[in-house]
Amino acid sequence: MVTSAWIWRGLVLAALVGQAGCSTQLVSLNEGPREYVATDYEYVLRAWTRTEHLIALSELDNFLTATATFESWDFRWAYVVRYAQDYRLTIEQRQKLLEKTLEETHQRHQFFVAIFGGERKYNDLATQDSAWIVRLIDDTGNETAPEEIIAITKPNALERTYFPYNTVWRRAFRIRFPRETAQGRPTISPNAKWFGLRFAGAQGNSELVWQLNEDEEPAEPVDVDQEAARRPRPVRTVADR
């Protein structure tokens, strides 16, 4: 009979093999206008989401699996378009929501994070006895502690649907970092080639990395009021693509 332990080891090996075969998708912090429709959300979510496994290969024990979505300007635009479609918002409501959520990107860097592995009681990142500390890092040497970690103890329908990796087996959080240090230096350098989240603890460390597109030209400033007020384009179906 196949035991649950062997099933788990098989799942771990499958995850490692699948991860090795995945290519890294480049992202951009460009704040230009977007032309998304509601059905683009899943693609944009994948582009801004990373997963890493911290595993003891000798025993194939999973110490930590962390999945995180960086709630960037680009991601938030797609999110609002999807949300407005799902909840049938008016143009005015869509405009206000887009203005508010995009303005938040100028105040902080925010990640939606869901983790599992090891002992569940030590996976509460919002407590001092957590097994892990989290830092925002980049390749220029920046390392920044969170300004706030909010535990999502009872995920609602939005958080279950719009972040589908947030299953009942995981603990979910929103982690916020300052955009600038106390000295006024950006916590993600304009010269960075990548940025990421580092989870570190006694059992090891794991990094989720977002590689940046270095060849993209900066976009012209966008008038959020004007863009948000535009009538949404018709939703595309799979057959339209």
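Residues numbered from 1 in each chain as written. Predicted model: local features only at pLDDT ≥ 70, side-chain atom pairs only at ≥ 80, totals over all residues. Heavy atoms only, no water.

Here the focus is unusual backbone geometry. Phi is positive for Arg88, which is not a glycine, with a value near 50 degrees. Judged by relative accessible area, which is 60%, Arg88 ranks as exposed. (Buried < 20%, exposed > 50% of the residue type's maximum accessible area, 1.4 Å probe, protein only.)

Of the pockets and cavities examined, the largest pocket occupies roughly 690 Å³. Forming the boundary of the largest pocket are 30 residues, of which Ser28, Leu29, Asn30, Ser189 and Pro190 lie nearest the centre. At the level of secondary structure, the elements contributing two or more residues to the lining of the largest pocket comprise α3 (73-86) and β3 (108-116). Its residues placed into classes, the lining of the largest pocket shows 10 nonpolar, 10 polar and 10 charged. (1 Å grid on protein atoms, 1.4 Å probe; cavity = no way out; pocket = protein on both sides within 12 Å on 5 of 7 lines; lining within 4 Å. Points joined across faces, edges and corners; volume = space filled by probe spheres on them. Helix = DSSP H or I, 4+ residues; strand = E, 2+ residues; numbered from the N terminus. Nonpolar A, V, L, I, M, F, W, Y, C, P; charged D, E, K, R; others polar.)

Tracing the chain through its elements places Thr67 in strand β2 (residues 61-70). For Thr67, the contacting residues outside a window of four places in its chain are Thr49, Arg50, Thr51, Phe112, Val113, Ala114, Tyr165, Arg170 and Leu208. (Contact = heavy atoms within 4.5 Å.)

Attention now goes to helix α4 (residues 91-104). Taking 1.5 Å per residue as the helical rise, α4 with its 14 residues ought to reach 20 Å, and the 20 Å between its terminal C-alpha atoms agrees with that figure. The complete set of buried residues in α4 reads Arg94, Leu98, Thr101, Leu102 and Glu104. All buried residues of α4 project into a common sector of 145 degrees when viewed along the axis, lining one side. Of the exposed residues in α4, those oriented more than 90 degrees away from the buried face are Glu92, Lys96 and Lys100. (Expected span 1.5 Å × (residues − 1). Arc of directions from axis to C-beta.)

Scope: geometric values only; no functional claims are made or implied.
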